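Summary of structural features
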Amino acid sequence: MGRGSSIFSKSSRRRLKKKSGPPSPPVLTPPPPPPLRAVSSPQQLTDGSNNNNNNNNNSLIAGTGAKTKKKAVGARLWMRFDRFGISELMECDKSTIIKRVAIPARDLRILGPVFSHSSNILAREKAMVVNLEFIRAIVTAEEVLILDPLCQEVLPFVDQLRQQIPLKRSVNTQEAGHTDTQDNEVHSTEAAEGLQCELPFEFQVLEIALEVVCTYLDSNVADLERDAYPVLDELARNVSTKNLEHVRSLKSNLTRLLARVQKVRDEIEHLLDDNEDMADLYLTRKWVQNQQSEALLGTAASNSIITFAPPLRRLSSSHSASLVTGSILGENDVEDLEMLLEAYFMQLDGTRNKILSVREYIDDTEDYVNIQLDQQRNELIQLQLTLTIASFAITMDTLVASFFGMNIPCRLYEIQGIFGYFVGATSAACFLLFLLVLGYARWKKLLGS
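By the naming in an unreviewed UniProt entry, the protein is Magnesium transporter, taken from Manihot esculenta. Regarding the protein, the UniProt comment filed under Function (unreviewed entry) reads as follows: "Magnesium transporter that may mediate the influx of magnesium." Among the UniProt annotations of the protein, the heading Subcellular location (unreviewed entry) holds the following wording: "Membrane".

So, in structure tokens, the structure goes:
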């Protein structure tokens, strides 16, 4: 009975296991809540909630601060300078600049550190990208954005903008206030005749940039000339390793300076050769035309130019009159910009000629030093030839002495007192041979006088 009951229990257990199937996954039970702490007063509850809120706020502030730090990694320092002389410093990233001035992202690479010593003046639809030596700026019809304005080399450009742009604007406003008291007809004629020669804002900025760059290059060329001539004169007097090292460093500086001047000159020459590129640089003219087209679309009842005064409220009255007259002359009228670029092209050409004159002086000094070295080399060759002739004559004398040094019987050994006469005769014959060979060398002009 005991054995049968055990077999029955084992089989029943197996059937139960087969019926039950795979084991069910364990049910996850939530962790027990933390034990409640005794709170002595309701003030402690409020203090705890405030502390939690403060911690959450601090975590949010830290998160936003980390985001701003990540965003500020690509931001760079810019200075905004508008046509009325108002300037401000700001930090902007590439996307902000692209949206502000409406230029492609590849144009900002020109203003990067890779092209720090290149020279480019690019015209876009609403902006002009200027990269002249250390001046890197984006100019529009209303403002200019200067990159790294606190740099030591860029500070003169910023100072010139602050000195000249507000002065011109104040003169224009005084003229506008004086002419407002007169008739409208007289005001329009004076604006058309007297203010037609006034440059737009973008050309004023370009003129100041070219002036600062040309002045900087001229000062470098003047320093180069002041250091070059004494070093070259010293090299001409004394050819030494120290003087040669000075001339080598001087020539390397001259080559770099010539390349920088040549880049700016070639960029201006490229603009002068293409009238379309110069016409694209007239940003104010295009801005006025866009304002006029917007006014035509908005107010179709009037067709006169006088009705376009409200959209042009940012410009002074005299300056707007000059711009309107300029737009009437034609879109391809680039005489003002051409005269401006030609003036600085001639100045850069003069600077380039100064550098070339210094390089010619260096070449002349090198030729003079080479002539001196060639002369010394020729003198050494002549001395070597003279010593070779003398050694040949002495060799002939020793040859005769070697003949008599052999153990061969000779009757001259028996003559008394013949040694002195024989030595004197052979020495005289060798000296005569030396004079004959030396005279032959002079006759063939192998030796100097």
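Before going further, it helps to spend a moment on the overall build of the protein. Looking only at helices and strands, the protein features 13 helices and six strands. Looking at the protein as a whole, 31% of its 449 residues qualify as buried. In the protein, 69% of the contacts between residues at least 6 apart in sequence involve partners at least 24 apart. A total accessible area of about 29,200 Å² is found for the protein, and carbon and sulfur atoms account for 58% of it.

Right, let's get into the packing of helix H12 (residues 335-404) against helix H13 (residues 418-443). To characterise two packed helices, one gives the angle between the axes of the helices and the distance between these axes. Between H12 and H13, the least distance of the axes is 9 Å, while the angle of their chain directions is 150 degrees. With respect to their mutual orientation, H12 and H13 come out roughly antiparallel. Once H12 is placed against H13, the crossing between them reads as right-handed. The residues of H13 that touch H12, namely those facing Leu 385, Thr 386, Ile 389, Ala 390, Phe 392, Ala 393, Met 396, Asp 397, Val 400 and Phe 404, are Phe 422, Thr 426, Ser 427, Cys 430, Leu 433, Phe 434, Val 437, Leu 438 and Ala 441.

Our next topic: the UniProt feature "coiled-coil region" (unreviewed entry) in the protein. UniProt records the feature "coiled-coil region" (unreviewed entry) for residues 247-281 in the present numbering. As a span, residues 247-281 carries 94% helix and 0% strand, and end to end its C-alpha atoms are 43 Å apart.

This part covers the side chain of Arg 265. Here Arg 265 is to be found in helix H8 (residues 241-273). For Arg 265, a relative accessible area of 12% gives the class buried. For Arg 265, the residues in contact, after removing those within four places along its chain, are Phe 345, Leu 348, Asp 349 and Arg 352.

Moving on, we come to the packing of aromatic side chains. Overall, the coordinates contain five aromatic pairs when judged by the stated rule. Ring centres of Phe 134 and Tyr 216 lie 4.9 Å apart, and the angle between their planes is 80 degrees; this geometry places the pair in the edge-to-face category. Of this pair, Phe 134 sits in the loop between strand E4 (128-132) and strand E5 (135-139) while Tyr 216 sits in helix H7 (residues 201-237); the two residues are 82 residues apart in sequence, bridging distant segments of the chain. Taking relative accessible area as the criterion, Phe 134 reaches 9% and is therefore assigned buried. For the pair Phe 203 and Tyr 282, a centre-to-centre distance of 4.6 Å together with 85 degrees between the ring planes defines the contact as edge-to-face. Of this pair, Phe 203 sits in helix H7 while Tyr 282 sits in the loop between helix H9 (275-280) and helix H10 (283-298), and the two are 79 residues apart along the sequence.

Grouped together as the largest cluster of nonpolar side chains are 64 residues, with contacts concentrated most on Val 144, Ile 146, Phe 157, Leu 161, Ile 268, Leu 337 and Leu 341. Among the elements that line this core, the one with the most residues is H7, at 16 residues. Apart from the residues within four sequence positions on either side, Phe 157 is in contact with Ile 135, Ile 146, Val 205, Ile 208, Ala 209 and Val 212.

At a minimum axis separation of 9 Å, H8 and H12 run at an interaxial angle of 155 degrees. Relative to H12, the element H8 is oriented roughly antiparallel. Of the two elements, H8 crosses H12, and the hand of that crossing is left-handed. In terms of residue class, the contact of H8 with H12 is built from 17 nonpolar, two polar and ten charged.

This brings us to the sheet that holds strand E1 (residues 76-82). Overall, antiparallel pairing links the six strands, which are arranged E2-E1-E6-E5-E4-E3 in an open sheet. A single partner strand is all that each edge strand has here, and the edge strands are strand E2 (87-92) and strand E3 (119-123). With strand direction ignored, the average angle separating the axes of adjacent strands in the sheet is 20 degrees. Relative to strand E6 (residues 143-147), E1 runs antiparallel, the two sharing five bridges. Counted as the bridge partner of Asp 82 is Glu 143 from E6. Most of the contacts of H8 go to E3, to which it runs at about 25 degrees, and overall it touches E3 and E4.

The buried fraction of E5 amounts to five of the five residues, a majority that puts the element mostly inside the structure. The two faces of E5 match: Ile 135, Ala 137 and Val 139 on one face and Arg 136 and Ile 138 on the other face are all buried. In the sheet, E5 pairs with E6 via three bridges, with the strands oriented antiparallel. Of the residues in E6, the one forming a bridge with Ala 137 is Ile 146.

Residues annotated in UniProt with the feature "transmembrane region" (unreviewed entry) correspond here to residues 385-406 and 418-441. Annotation note: span residues 385-406, helix share 91%, strand share 0%, distance between end C-alpha atoms 32 Å. Secondary structure across residues 418-441 comprises 100% helix and 0% strand; the distance between its end C-alpha atoms is 35 Å.

On to the pairing of E3, then. Here is the key point about a regular strand: its side chains alternate between the two faces of the sheet. Of the strand pairs in this sheet, E3 and E4 are connected by five bridges, and their pairing is antiparallel. The residue bridging Leu 122 from the neighbouring strand is Val 129, located in E4. What sits between E3 and E4 in their antiparallel hairpin is a turn of four residues.

About the cut-offs
Residues numbered from 1 in each chain as written. Predicted model: local features only at pLDDT ≥ 70, side-chain atom pairs only at ≥ 80, totals over all residues. Heavy atoms only, no water. UniProt positions renumbered as here; feature names shortened; annotations may be inferred. Helix = DSSP H or I, 4+ residues; strand = E, 2+ residues; numbered from the N terminus. Buried < 20%, exposed > 50% of the residue type's maximum accessible area, 1.4 Å probe, protein only. Contact = heavy atoms within 4.5 Å. Areas by Shrake-Rupley, 256 points an atom, 1.4 Å probe, with all protein chains shown as cover. Axes fitted to C-alpha atoms, helices over the stretch in contact; angles between N-to-C directions. Parallel < 35°, antiparallel > 145°, perpendicular 65-115°, else oblique. Left-handed = near helix turned anticlockwise from the far one by under 90°. Phe/Tyr/Trp six-rings, centres within 6.5 Å; stacked < 30°, edge-to-face > 60°. Core = buried A, V, L, I, M, F, W, Y, C linked by side-chain atoms within 4.5 Å. Nonpolar A, V, L, I, M, F, W, Y, C, P; charged D, E, K, R; others polar. Pairing = 2+ DSSP bridges.

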